[in-house]
Structures are given as C-alpha cells and as structure tokens.
Amino acid sequence: MAKKAAYRKKRRNKTGMLLVTTVVLMMLIVVAVKSVELRDKRAAYALREEALMREIEAEEARTEKIEEYEKYTQTKKYVEEIAKEKLGLVYEGEIIFKDEK
C-alpha cells in the first residue's frame, strides 16, 4: 500500500507541475504578444508625434506670416497699393500708362 500511496503522490506532483508549467507558458505567450502589440503602438505613436510636431511648426510659421501681414496692412505703403490697385486712385499730377491689351 505504501508503494501505491507514493505512486499517487508522485503522479499528483507530476500533474500539478504540468499544470503549473502550462499556466506559466500561457502567461509568457500572452505577455510576449502584448509586448509586441505595445511596441507597435509605441512606434505608431512616435510617428504620429513627429507628424504633429511638423504640423505645429508649420502653423507657427503661418502665424508669423499672418502677424507680419497684419503689421504690413497697417502701413502707409499698403494703403497706397490698395488705393491704386482696387480703387484706381493716383497722386495729383501722376500719370498712368496702360497696355492696350
């Protein structure tokens, strides 16, 4: 009987070890898969961050141009250009030559 009890104990021990090993392997597989997914997400986020940084730089440059244009529109030179181009106004004594096209 002692041999049977020892055999059962050994068999239970092997079964338990097999179950523990299976669970550990499954956990390793899940961790490995999630790790790959996270790495891919990190790469995608890095690309998105680069694109957004370029977009921010472009918008900052555009903002500077708009601010420069705003300052320019408040100058006398701008007012003169608009008066000549849009309204056809000229200075007194100024002669305008036009093409016959």
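Fair warning: this is a prediction, and the values are worked out from it, not measured in the lab.

Let us now look at the overall build of the chain. Scanning the chain from terminus to terminus reveals two helices and zero strands. The 101 residues of the chain split such that 1% are buried. For the chain, the exposed surface amounts to about 10500 Å²; the carbon and sulfur share of it is 61%.

Opposite charge on two side chains permits pairing when their charged atoms draw close. In the structure shown here, the tally under the stated rule is four salt bridges. Between glutamate 59 and arginine 62 there is a salt bridge, and its shortest N-O distance comes to 3.5 Å. Pair noted here: glutamate 59 and arginine 62 are both in helix H1 (residues 2-73), with a separation of three residues, about one helical turn. A salt bridge links lysine 84 to glutamate 94; the nearest nitrogen and oxygen atoms lie 3.4 Å apart. Taken together, the residues span a long stretch of sequence, with lysine 84 in helix H2 (residues 76-85) and glutamate 94 in the segment after H2 at a distance of ten residues. Judged by relative accessible area, which is 33%, glutamate 94 ranks as partly exposed.

Time to look at the packing of aromatic side chains. Under the defined criterion, the tally for this structure stands at three aromatic pairs. When the ring of tyrosine 69 is compared with that of tyrosine 78, the centres are 6.2 Å apart and the planes differ by 80°; the resulting orientation is edge-to-face. A residue is classified by how much of its surface remains accessible, and tyrosine 69, at 47% relative accessible area, is partly exposed. The interplanar angle of 70° and the centroid separation of 5.4 Å between the aromatic rings of tyrosine 72 and tyrosine 78 together place this pair among those described as edge-to-face.

On to the environment of threonine 22, then. In this structure, threonine 22 sits in helix H1. A polar atom in the side chain of threonine 22 sits 2.7 Å from the backbone oxygen of leucine 18.

Further remarks concern a nonpolar patch on the surface. A cluster of nonpolar side chains, namely Val20, Val24, Leu25 and Leu28, defines an oily patch on the protein surface of about 360 Å² accessible area. In this structure, valine 20 sits in helix H1.

Conventions used here
All residue numbers here refer to positions counted from 1 along the written sequence of the relevant chain. Two thresholds apply to this predicted model, a pLDDT of at least 70 for residue-level local features and 80 or more for giving and counting side-chain atom pairs, whereas whole-chain, interface and lining totals are computed over all residues. Note: side-chain values were computed over all heavy atoms of the structure, leaving out hydrogens and water. To qualify as a helix, a DSSP run of H or I must reach at least 4 residues; to qualify as a strand, a run of E must reach at least 2; elements of each kind are numbered from the N terminus. Whether a residue is buried, partly exposed or exposed follows from its accessible area with a 1.4 Å probe, protein chains only, as a fraction of its type maximum: under 20%, in between, or over 50%, in that order. Each accessible area is a Shrake-Rupley estimate made with a 1.4 Å probe; only the visible protein chains count as cover when residues are assessed. When a carboxyl oxygen of Asp or Glu is within 4 Å of a side-chain nitrogen of Lys or Arg, the pair counts as a salt bridge. Side-chain rings of Phe, Tyr and Trp, where Trp is taken by its six-membered ring, are said to pair if the distance between their centres is within 6.5 Å; with planes under 30 degrees apart they count as stacked, over 60 as edge-to-face, and otherwise as tilted. What qualifies as a polar contact is a pair of N or O atoms within 3.5 Å, subject to a donor-acceptor requirement within protein and to the restriction that residues adjacent in sequence count only when both atoms come from side chains. Here, patches come from residues exposed beyond 30% relative accessible area and free of salt bridges, joined within 9 Å for like charges and within 5 Å for nonpolar side chains (Val, Leu, Ile, Met, Phe, Trp, Tyr).

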